Amino acid sequence: QVQLAESGGGLVQAGGSLRLSCTASGSIFMIVDMGWYRQAPGKQRELVATRTSGHSTNYADSVKGRFTVSRDNAKNAVYLQMNSLEPEDTAIYYCYARAYYDTTHWDDYWGQGTQVTVSS
């Protein structure tokens, strides 16, 4: 099993910045993809940004140019730098990882979520 622990959420004014962190632990052979999703009240969970072990990134159109996803493979960690935050960014942010726990078996894992609230 793989566990994901997030930190860094909070309350910020519009235009401000926050940095989310997530570290994976447990039976990890290799993490192939890692990043962030979010879920606002009354809405479905949506992709925010992910980064593969090969450094390919995928961003939601709504966050391009404002958010940056990065990884520290040695620490099994992923970060999300969020700048120019908008009230529409208010949501619970979930860390995500697709990881192999042995040489042939993989699964998707989720953190507990961290609240980000942006006031206008």
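So, a few notes on the structure that sits alongside this text. (Residues numbered from 1 in each chain as written. Predicted model: local features only at pLDDT ≥ 70, side-chain atom pairs only at ≥ 80, totals over all residues. Heavy atoms only, no water.)

Check the secondary structure of the protein chain and you find zero helices and eleven strands. Going from the N terminus to the C terminus, the protein chain shows its helices and strands as β-β-β-β-β-β-β-β-β-β-β. The dimensions of the protein chain, computed from C-alpha atoms along their principal axes, are 50 × 25 × 25 Å. When contacts within the protein chain are restricted to residue pairs at least 6 apart in sequence, long-range pairs at least 24 apart make up 53% of them. As displayed, the protein chain offers around 6,400 Å² of accessible surface, 46% of which is attributable to carbon and sulfur atoms. Separation of charge centres in the protein chain, based on 10 positive and 11 negative side chains, amounts to 4 Å. (Helix = DSSP H or I, 4+ residues; strand = E, 2+ residues; numbered from the N terminus. Contact = heavy atoms within 4.5 Å. Areas by Shrake-Rupley, 256 points an atom, 1.4 Å probe, with all protein chains shown as cover. Lys, Arg positive; Asp, Glu negative; His and termini not counted. Charge placed at Lys NZ, Arg CZ, Asp CG, Glu CD.)

It is worth spelling out the nonpolar core at this point. Core analysis: the largest hydrophobic core is formed by 30 residues, its most contacted members being L4, M34, W36, L80, M82 and Y93. Only β1 (2-7), β3 (18-26), β4 (30-39), β5 (46-52), β7 (67-72), β8 (77-82), β9 (91-100) and β11 (114-119) provide two or more residues apiece to this core. Dropping the residues within four chain positions of it, Y93 is found in contact with E6, L20, W36, Y37, R38, V48, F67, L80, M82, G113, T114 and V116. (Core = buried A, V, L, I, M, F, W, Y, C linked by side-chain atoms within 4.5 Å. Buried < 20%, exposed > 50% of the residue type's maximum accessible area, 1.4 Å probe, protein only.)

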